[in-house]
Amino acid sequence: MNCELLIPAAGSGRRMGSDRNKLLLPLLDKPILQWTIEAAIASSSISWIGVIGQPCDFADFKQIFVRLESPKPITLIQGGETRQESVSNGLKALPQTSKSVLIHDGARCLATPNLFDRCAEALQTYSGLIAAITVKDTIKIVHNRIVESTPDRHQLWAAQTPQGFSVKELKQAHLQAQELNWSVTDDAALFEKIGLPVQIVMGEETNLKITTPQDLAIAEFILRQRLQ
Ligand code: CTP
Ligand code: MG
């Protein structure tokens, strides 16, 4: 099944401590964002890619697109102040014919084409889904540095991207969020807030989000193993 893909890439990378968008930092021989887009191009179920960025990064993004020689159309979309606003802009820029969309963070540059394909396949059945993995650590609810409780680990999953949705429903959810001033860190949370079901697709242990310099070092290690 073919669907569109939006890649939020309009952050600044504050926690990376770098002076530019972390997605332009090199990982082995290419920028982080290039790895992400290459996996999307290699996925047989994605027909159109929208990359959401800040205008100050457009020139660098365009250079990456040129290097990729993508057989799929790649559109550059202007991002917003928050990830939520960036995705909202992305939804407005989708082709009019778009029925279902995958959203995948530019910072998750190790997601495999197979994960994109499995999410796209699941979108034929479900109108809301997220890649997620089970949590290995025991997680604590903490208030003022005092442990309040320990949720049952069997119910805890760590959310990843891709996340997939019916375009119509996700657009509606974003509109409602704007009207009611909701602020969330992923799109599934909007579905949850309006009571729409969100299905789990088994994610990948290696699908980490590059957030800190440590993540970058781990990503490099994983890629070297893959390329061996
Ligand atoms: N993102 C976006 N628009 C924003 C903020 C974030 O498109 N206004 C994107 C980032 O580029 C990233 C994804 O959302 O691909 C997840 O965000 P995160 O990992 O938090 O990246 P940053 O916001 O750049 O990092 P930080 O929070 O450390 O500043
Ligand atoms: Mg952020």
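Just so you know, these numbers come straight off a predicted model, no measurement behind them.

What counts and how
Positions within a chain are numbered from 1, following the residues in the order the chain's sequence is written. The lettering of chains begins at A and the numbering of ligands begins at 1, in the order of writing. Since the coordinates come from a predicted model, pLDDT governs what is reported: local features require at least 70, and pairs of side-chain atoms require 80 or more to be given and counted, while whole-chain, interface and lining totals use all residues. Side-chain numbers come from the whole structure's heavy atoms, not from hydrogens or water. Labels follow the DSSP assignment, with helices taken as runs of H or I lasting at least four residues and strands as runs of E lasting at least two, numbered in each case from the N terminus. Values of the radius of gyration come from C-alpha atoms, whereas the globule rule sets the reference at 2.2 Å times the count of residues to the power 0.38. Note on classification: 1.4 Å probe, protein chains only; a residue is buried when its accessible area is under 20% of the maximum for its type, exposed when over 50%, partly exposed between these limits. In what follows, a contact means two residues having at least one pair of non-hydrogen atoms within 4.5 Å. Computed with the Shrake-Rupley method and a 1.4 Å probe, the accessible areas treat only the protein chains shown as cover for residues. Any residue with at least one heavy atom within 4 Å of a molecule or strand is counted as near it. Any N or O atom pair separated by 3.5 Å or less is treated as a polar contact, with the protein-specific requirement of one donor-capable and one acceptor-capable atom, and with residues adjacent in sequence counted only for side-chain atom pairs. Just so you know the grouping, Ala, Val, Leu, Ile, Met, Phe, Trp, Tyr, Cys and Pro go in nonpolar, Asp, Glu, Lys and Arg go in charged, and all remaining residues, Gly too, go in polar.

(A) Fine view of the overall build of the chain. Along its length, the chain carries seven helices and 11 strands. For a compact globule of 228 residues, the expected C-alpha radius of gyration is about 17 Å, and the chain comes in at 17 Å, within 12% of that figure. Taken along the three principal axes of its C-alpha coordinates, the chain extends 50 × 40 × 30 Å. Out of the 228 residues belonging to the chain, those deemed buried represent 49%. Across the chain, every contact between residues at least 6 apart in sequence was considered, and the portion connecting residues at least 24 apart equals 72%. Here the chain has roughly 12,000 Å² of accessible surface; of this, 50% comes from carbon and sulfur atoms.

(B) Just the site of ligand 1, in detail. In the neighbourhood of ligand 1, 19 residues make up the surrounding shell, with G13, R14, R15, S86 and K209 lying closest. Contacts to ligand 1 include A10, whose backbone N or O atom sits 2.9 Å from an oxygen atom. R14 is positioned with one of its backbone polar atoms (N or O) 2.7 Å from an oxygen atom of ligand 1. Bound to the protein, ligand 1 loses 90% of the 560 Å² it would expose on its own. Per-class residue counts for the shell around ligand 1 are five nonpolar, seven polar and seven charged.

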